[in-house]
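Structural overview for review
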Amino acid sequence: MTAIETQQVGKRYGRSWALRDCTLSVPAGRVVALVGPNGAGKSTLLNMAVGLTAPTAGRISVLDGAAAGSPGALDRIAFVAQDVPLYPHLSVADTLRLVASLANRWDEADARRRLAALNIPLPRKVGKLSGGQQAQVALAVALARHPELLILDEPVARLDPLARHDFMAALMASVVEDGTSVVLSSHVVAELERVCDYLIVLAAGRVQVAGDVDTLLATHHVLTGPTAEVESVTASYDVVLTQRADRQSTLLVRAAQLAPPPGWRVDPTNLEELVLSYLRVPEATALPGPTARLQSATA
Amino acid sequence: MSAVVVSARLPRLRVSGMTWVSWRQHRSALAAVAVVLGAFSAVLLAHGSGMHDAYHRLGLDVCRPLHSDACGAATDLFSQRYATIADLVPRILTFLPALLGAFVGAPLVARELESGTFRFAWTQGTDRTRWIVAKLLMVGGTLLVVASAFTLVFAWWFDPWIPLVGRMASGQAYEVEGTVFVARTLFGFALGAFLGVIIKRTVPAIAATLGVWFAVVFLSVVYLRPMIQEPLVAAEGMGTSTDGWVIDEWFQNRAGHHLSDIEMNALMGGPGKTNLGRSIDQLLAQNGIRHMVQYQPGSRFWHFQIVETVGYGVVTLLLGAATVWWVRRRTS
């Protein structure tokens, strides 16, 4: 079961590649975080998945092989684009009617229930709502289409912390109840840690990390010890990143089970630290199955 | 019976799907068009009733032939009072289709692309082709109806002038009467929609639409219109005006030689020696010189209108098809 699958997908704008040679498989039934710095190609990838952007190279399919952007696929996918582009001059009620007119799958009662729970007035013009409310309207509309796959592109980037929290809470409540596959992109990792169970790190148009959040956290550890011993430790461990200080240094180490060298302390890592470490070392990758084998075969 | 029951029994006027979407999203633009055309119509109706009254009062609807001396005083009076406005109004209204087309057509898709709302509209499950075709048909159809209604108002307003000046004269009432006005409105609309899709920004798309519309209409009037049908050439008395579109006029002698201004002046014996009017006719007749007119007669009005309308219609359909194709293919 895959939500999004790409094979050597690339997208070129003029002379520069927004995404290059991107092969990935986003599992279905998961809440997938697509993270990476600005300009990593996250939006490009997600826009491709809903047919708003055509790949320059490679192939992309959604929901187990459906052509991205085909009407059949769009019926089963809801997309909340970056900056929540709703029609500001339409009232909330008219926005619902617009979607009812455009969508083949639509649960009006569900949308109204969600908006009522959020105290968002239906006669109000969307442009007069706060940023948080606009995002909630977009989410309510997306969820009321009962999608099999919900794609959100930087859904909370412009929201204040309280609105972020409310948005994520509304999202998670619905996703848990429906079992919807979710892919959301963000350049802020901290907010995703509580909600996501699968992580994809995209950097400079390439997939750097892909995997189960629990597995990634279980197989990465932070070693702290004397800087003088860093060289010897690095030689015997799979070190992703070394951060040296005068006396103490910190290493992010990849290992299923870790017995620390004498005089070193081992700590669990967190998602933010893990992502930042990989982003600092562009050549380091943590990829599942086939891709990893391919790498070792070519090495 | 309570109000609730009454309202429940009334069938609700509910248009469905893309028709409603198109209407809801473009109703303010269409309302603006209705207001502009309605205001012009009101002015034409008010002014026209006075002009029609004067026409009847002066007996011009019964005085025949109109270009005879018997009707001369009445036509002079009527012309003195109304000729300026009858000349000016169609010249202004000639450009109205450009404005209607540009301001309704250019934002149709450009605004979605500019504000990013296309990402919302095109991912709800409705096929993009259906989305754009419905919008083009709905908005274009409304423009067709209101522009047609407006040309009928104009035709009524201009009606008294047709026996006097004809309706073929290029650059005048011809441009606002008949079907050419409507065709140019729809051409402007399709052009605006197409340029909006390509340029992706509303204001530059409006500007480009106006520019291209003017260029196309100007070139077609100057270069293509004369090719529709070979003009007639006839000898006419001075002071007799044809009811058609005069393209050229000259004096020629029995041998068919075109006389230059110098030759004509020499013939007249220099300025001041002759008085204008029919004495010139006598002088010309004595010398065997004829006043020739090359023109398109008023009877060709509908032939010209239909040919031009078909021309604009074909271009409009091609632009519409190109717009649909581009929206289907468009990916950022």
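What counts and what doesn't
Residues numbered from 1 in each chain as written. Chains lettered and ligands numbered in written order. Predicted model: local features only at pLDDT ≥ 70, side-chain atom pairs only at ≥ 80, totals over all residues. Helix = DSSP H or I, 4+ residues; strand = E, 2+ residues; numbered from the N terminus. Rg over C-alpha atoms; globule rule 2.2 N^0.38 Å. Buried ≥ 20, exposed ≤ 12 C-beta atoms within 10 Å, placed from the backbone. Contact = placed C-beta atoms within 7 Å. Axes fitted to C-alpha atoms, helices over the stretch in contact; angles between N-to-C directions. Left-handed = near helix turned anticlockwise from the far one by under 90°. Nonpolar A, V, L, I, M, F, W, Y, C, P; charged D, E, K, R; others polar. Arc of directions from axis to C-beta. Pairing = 2+ DSSP bridges. Core = buried A, V, L, I, M, F, W, Y, C linked by C-beta atoms within 7 Å. pLDDT = per-residue confidence, 0-100. Parallel < 35°, antiparallel > 145°, perpendicular 65-115°, else oblique. Expected span 1.5 Å × (residues − 1).

**With respect to the overall build of chain A**
Scanning chain A from terminus to terminus reveals ten helices and 14 strands. Here the C-alpha radius of gyration of chain A, 21 Å, is about what a compact globule of 299 residues would show, namely 19 Å. Its C-alpha atoms give chain A principal-axis dimensions of about 65 × 40 × 35 Å. A buried classification covers 43% of the 299 residues belonging to chain A. Counting contacts in chain A only where the partners sit at least 6 residues apart, residues at least 24 apart contribute 70% of the total.

**Let's talk about the overall build of chain B**
Counting its regular elements, chain B contains 13 helices and three strands. Counting over 332 residues, chain B shows a buried share of 35%. In chain B, 81% of the contacts between residues at least 6 apart in sequence involve partners at least 24 apart.

**Quick notes on the packing of helix α3 (residues 92-102) of chain A against helix α2 (residues 17-57) of chain B**
In a packed pair of helices, the relevant descriptors are the angle between the two axes and the axis-to-axis distance. At a minimum axis distance of 8 Å, the contact between α3(A) and α2(B) shows a crossing angle of 140°. The element α3(A) and its partner α2(B) pack so that their crossing is left-handed. Of the residues in α2(B), those in contact with Asp94(A), Arg97(A), Leu98(A), Ser101(A) and Leu102(A) of α3(A) are Gly17(B), Met18(B), Trp20(B), Val21(B) and Arg24(B). When the residues that make up the contact of α3(A) with α2(B) are grouped by side-chain class, the tally is five nonpolar, two polar and three charged.

**Considering the environment of His26(B)**
Looking at the secondary structure, you find His26(B) in helix α2. Sequence-wise, His26(B) and Ala234(B) are 208 residues apart; in three dimensions their C-alpha atoms are separated by 52 Å.

**Side note on helix α4 (residues 108-117) of chain A**
All names here are of chain A. Burial in α4 covers these residues: Ala111, Arg114 and Leu115. Take α4 and look down its axis: the buried residues cluster within an arc of 95°, on one side only. With respect to the buried face of α4, the exposed residues turned more than 90 degrees away are Ala109, Ala116 and Ala117. Buried residues belonging to α4 abut α3 and α5 (131-143).

**Comments concerning the pairing of strand β4 (residues 57-62) of chain A**
Residue and element names in this part refer to chain A. In terms of strand pairing, strand β1 (residues 2-13) meets β4 through five bridges, oriented antiparallel. Bridge pairing links Gly10 to Ala57 in β4. Strand direction decides the pairing type here: β4 and strand β5 (residues 66-67), joined by two bridges, are antiparallel. Within the sheet, the bridge partner assigned to Ser61 lies in β5 and is Ala67. Joining the antiparallel neighbours β4 and β5 is a turn of three residues, in which Leu63 adopts a positive phi near 45°.

**Here's the deal with the nonpolar core**
Counting residues in hydrophobic clusters, the biggest one holds 160 residues, and the most contacted among them are Leu199(A) and Ile200(A). Counting residues per element, this core draws most heavily on helix α9 (residues 180-199) of chain B, at 13 residues. With near-sequence residues (within four places) excluded, Ile200(A) lies in contact with Leu24(A), Val26(A), Val32(A), Ala33(A), Leu34(A), Val207(A), Val209(A) and Ala210(A).

**Describing the sheet that holds strand β12 (residues 238-244) of chain A**
Residue and element names in this part refer to chain A. Pairing in this open sheet of four strands is antiparallel, and the strands run β12-β13-β11-β14 from one edge to the other. The two strands at the open ends of the sheet, each matched to only one other strand, are β12 and β14 (265-268). Strand after strand, the sheet turns through a mean of 25° between neighbouring axes, direction not considered.

**Comments concerning the pairing of β1(A)**
Residues and elements named next belong to chain A. Judged from the eight bridges that link them, β1 and strand β2 (residues 16-27) form a sheet pairing that is antiparallel. Bridged to Thr2 within β2 is Pro27. Taking the residues between adjacent antiparallel strands as the criterion, β1 and β2 are bridged by two residues, where Gly14 takes a positive phi near 65°.

**So, the interface of chain A and chain B**
For an interface, size is often stated in terms of accessible area lost upon the parts coming together. Listed per partner, the contact involves 23 residues of chain A and 20 residues of chain B. Of the residues contributing to the side of chain A that touches chain B, the split by class is 14 nonpolar, four polar and five charged.

**What about unusual backbone geometry?**
All names here are of chain A. The backbone of Asp64 shows a phi angle near 60°, a positive value even though the residue is not glycine. Along the chain, Asp64 falls in the loop between β4 and β5. Under the C-beta neighbour-count criterion, Asp64 is labelled exposed, with 11 such atoms within 10 Å. Here Val84, not a glycine, exhibits a phi torsion of approximately 45°, which is positive. Relative to the assigned elements, Val84 resides in the loop between β6 (77-80) and α3.

**Some points on the confidence of the model for chain A**
Residue-level pLDDT values for chain A average 87, and 96% of them are 70 or greater. Low pLDDT, under 50, characterises residues 290-299 of chain A; the stretch is placed with two contacts to residues that sit more than four places away or in other chains.

**Observations regarding the packing of α9(B) against helix α13 (residues 301-329) of chain B**
All names here are of chain B. Across the interface, α9 lies against α13 with an axial gap of 8 Å and an inter-helix angle of 20°. It follows from the interaxial angle that α9 and α13 lie roughly parallel. Handedness of the crossing formed by α9 with α13: left-handed. The residue makeup of the contact of α9 with α13, split by class, is 16 nonpolar, six polar and two charged.

**Topic: the sheet that holds strand β9 (residues 198-203) of chain A**
Residues and elements named next belong to chain A. Ordered in space as β6-β7-β8-β3-β9-β10, the six strands form an open sheet in which the pairing is mixed. Edge positions in the sheet fall to β6 and β10 (206-212), since each has one partner strand and no second. Taken over all neighbouring pairs, the strand axes of this sheet differ in orientation by 15° on average, direction set aside. Sheet topology places strand β7 (residues 149-153) next to strand β8 (residues 181-186); five bridges connect them, and they run parallel. Paired with Ile151 across the two strands is Val183, which belongs to β8. Of the strands in this sheet, β3 (31-35), β9 and β10 are in contact with helix α9 (residues 271-280), which crosses β9 at around 25°.

**Focus: α5(A)**
All names here are of chain A. If you check α5, its first and last C-alpha atoms are 18 Å apart, about what 13 residues at 1.5 Å a residue would give, namely 18 Å. A large share of α5 lies buried, amounting to eleven of its 13 residues. The inward-facing, buried residues of α5 contact β6, α3, α4, β7 and α6 (161-178).

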